[in-house]
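For reference, the chains in residue letters:
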Amino acid sequence: MLLAFAPLHKRAFGCAVGVASALLLGAATVAALLIPAVSNFPLYLLGQYFIGYSVTWSGLLIGMGWAAFVGFVAGWFLAFCRNLAVALSVFTMRTRAELAQTRDFLDHI
């Protein structure tokens, strides 16, 4: 049970999500450059969000940098929200258990 309620390391989770998203965008861009059938997929629209990204070899590096940054921020925030939710639920359960134990305290006086 201790592992189930253990907090996630925010920086490590952010790095993992950032690397995964950068590799995914890199693989999609390389596939669009090398395989003609994949070039119909509108990856160029990511240039609207990632400044400097295009479906070219130079745009690949810029896109991977942006994807790593956005993935890191998203992963860090996701780990933060999960840690907060777990901490609040554990605090609520612990408080309810303590109140249940001391509910009849005044009956013994």
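So, a few notes on the structure that sits alongside this text. Just so we're clear, the structure is a prediction, and the values are computed from it rather than from any experiment.

Notes on the side chain of N83
At step 1: Structurally, N83 is set in helix α2 (residues 57-101).
At step 2: When sequence neighbours within four positions are dropped, the list of residues in contact with N83 reads P7, L8 and K10.

Examining the packing of aromatic side chains
At step 1: Summed over the entire model, instances satisfying the criterion amount to three aromatic pairs.
At step 2: Taking the centre distance of 6.1 Å and the plane angle of 5 degrees together, the rings of F50 and W66 count as stacked. In this pair, F50 sits in the loop between α1 (10-34) and α2 while W66 sits in helix α2, placing the two residues 16 residues apart along the sequence.
At step 3: Given a relative accessible area of 13%, F50 falls into the buried group.
At step 4: Assessed through its relative accessible area of 30%, W66 is described here as partly exposed.
At step 5: Summarising the aromatic geometry, the rings of W66 and F69 are spaced 6.5 Å apart at their centres and angled 80 degrees between planes, so their arrangement reads as edge-to-face. Of this pair, W66 and F69 both sit in helix α2, three residues apart, roughly one helical turn.
At step 6: Residue F69 is classed as exposed on the basis of its relative accessible area, which comes to 52%.

Quick look at α2
At step 1: The end-to-end C-alpha distance of α2, which contains 45 residues, comes to 65 Å, matching closely the 66 Å that a straight helix rising 1.5 Å per residue would cover.
At step 2: Listing the buried residues of α2 in full gives G59, L60, G63, A67, G71, G75, A79, N83 and V86.
At step 3: Where α2 is buried, its residues contact α1.

Description of the environment of M1
At step 1: Positionally, M1 belongs in the segment before α1.
At step 2: A relative accessible area of 75% means that M1 is categorised as exposed.
At step 3: For the pair M1 and A67, spaced 66 residues apart in sequence, the C-alpha separation works out to 34 Å.

About the thresholds
Residues numbered from 1 in each chain as written. Predicted model: local features only at pLDDT ≥ 70, side-chain atom pairs only at ≥ 80, totals over all residues. Heavy atoms only, no water. Helix = DSSP H or I, 4+ residues; strand = E, 2+ residues; numbered from the N terminus. Contact = heavy atoms within 4.5 Å. Phe/Tyr/Trp six-rings, centres within 6.5 Å; stacked < 30°, edge-to-face > 60°. Buried < 20%, exposed > 50% of the residue type's maximum accessible area, 1.4 Å probe, protein only. Expected span 1.5 Å × (residues − 1).

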